[in-house]
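Letter by letter, the chains look like this.
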Amino acid sequence: MHCDVDQEESVGHIWQCLDEIGVERIDHGVNALEEAALVREINRRGLGLTLCPISNSYVTDSLKAPELKAMLDQGVQATVNSDDPAYFPGYMNENLLAVQGAVNLGRDEIVQLARNAFSISWLSDDDRDAYLDALDAYAAESS
């Protein structure tokens, strides 16, 4: 479900996605941080939030990089994605670089973002596990 950032009633819209629609994933959803109970519920359900930093900088006041870091710190399965790269210049790698530059994400946080992306995907369990194993192996080799 798509929940634009910093819109009127953003938190209420995210609750609506959870309670009335029963979503498995929320696109954007940065405003969930405004209510601790909402963050707890997102974590309890194991939902993922797909954040698009570069497009955030075009439609709001910033990349929302500190919010992304706060989500990671609170255990939210947040990911970094591109959002209409033809309109907002930047694919996934550019978005990761922008966030890393803004809040100095560490190696473990970058690995967690990649892990979250596979964890919240709609891959089969076997495919997801294979990708996560490959990610873990890569991360172990590069440490």
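Here, the structure is the one placed above.
Starting afresh in each chain, residues are numbered from 1 along the sequence in its written order. It should be noted that, the model being predicted, local features are given only for residues of pLDDT at least 70 and side-chain atom pairs only at 80 or more, the latter also being counted only at that level, while totals for whole chains, interfaces and linings use all residues. As a rule here, side-chain values cover all heavy atoms of the structure and leave hydrogens and water aside.

## Some points on the packing of aromatic side chains
Then, number 1: Working definition: a ring pair exists when centres of Phe, Tyr or Trp rings (six-membered ring for Trp) sit within 6.5 Å. Plane angles under 30 degrees give stacked, over 60 give edge-to-face, the rest tilted. Scanning the entire structure with this criterion turns up two aromatic pairs.
Then, number 2: Ring plane angle 55° and centroid distance 5.6 Å describe the contact between Y58 and F88, whose orientation is recorded as tilted. Within this pair, whereas Y58 is found in helix α3 (residues 53–59), its partner F88 is found in the loop between β4 (77–80) and α5 (92–103), the two being separated by 30 residues in sequence.
Then, number 3: When the centroid spacing of 5.0 Å and the interplanar angle of 5° are considered together, the rings of F118 and Y131 count as stacked. Of this pair, F118 sits in helix α6 (residues 107–119) while Y131 sits in helix α7 (residues 125–141); the two residues are 13 residues apart in sequence, bridging distant segments of the chain.
Then, number 4: The cut-offs for exposure are 20% and 50% of the maximum accessible area for each residue type, with area from a 1.4 Å probe on protein chains only; residues under the lower value are buried, those over the upper are exposed, and the others partly exposed. For Y131, a relative accessible area of 43% corresponds to the partly exposed category. In DSSP terms, a helix is any run of H or I states spanning at least four residues, a strand is any run of E spanning at least two, and both are numbered starting from the N terminus.

## So, the nonpolar core
Then, number 1: By size, the foremost hydrophobic cluster in this structure holds 28 residues, and its most contacted members are I14, L18 and I42.
Then, number 2: Put simply, the parts of the chain that give this core at least two residues each are α1 (10–21), α2 (36–45), β3 (48–51), α4 (65–73), β4 and α5.
Then, number 3: Here a residue-residue contact requires only that any non-hydrogen atoms of the pair lie within 4.5 Å. When near neighbours in sequence (up to four residues on either side) are disregarded, L18 contacts V23, I26, L38, E41, I42, R45 and L47. Throughout, nonpolar core names a set of buried Ala, Val, Leu, Ile, Met, Phe, Trp, Tyr and Cys residues whose side chains join them through atoms within 4.5 Å.

## Considering the layout of surface pockets
Then, number 1: Put plainly, a pocket is an open set of points on a 1 Å grid over the protein atoms alone with protein on both sides within 12 Å along at least five of seven lines, a cavity is a set where a 1.4 Å probe fits but cannot get out, and a lining residue has an atom within 4 Å of a point. Grid points are joined across faces, edges and corners, and a volume is the space filled by probe spheres set on the points. Its volume calculated, the largest pocket comes out at about 170 Å³.
Then, number 2: T79, V80, M92, N93, L96, I110, L113, A114, A117 and F118 together form the lining of the largest pocket.
Then, number 3: Only β4, α5 and α6 provide two or more residues apiece to the lining of the largest pocket.
Then, number 4: Ranked by the residues each element gives to the lining of the largest pocket, the list is headed by α6, at five residues.
Then, number 5: Class assignment for the residues of the lining of the largest pocket results in eight nonpolar, two polar and no charged. Polar here means any residue outside two lists: the nonpolar Ala, Val, Leu, Ile, Met, Phe, Trp, Tyr, Cys and Pro, and the charged Asp, Glu, Lys and Arg; Gly therefore counts as polar.

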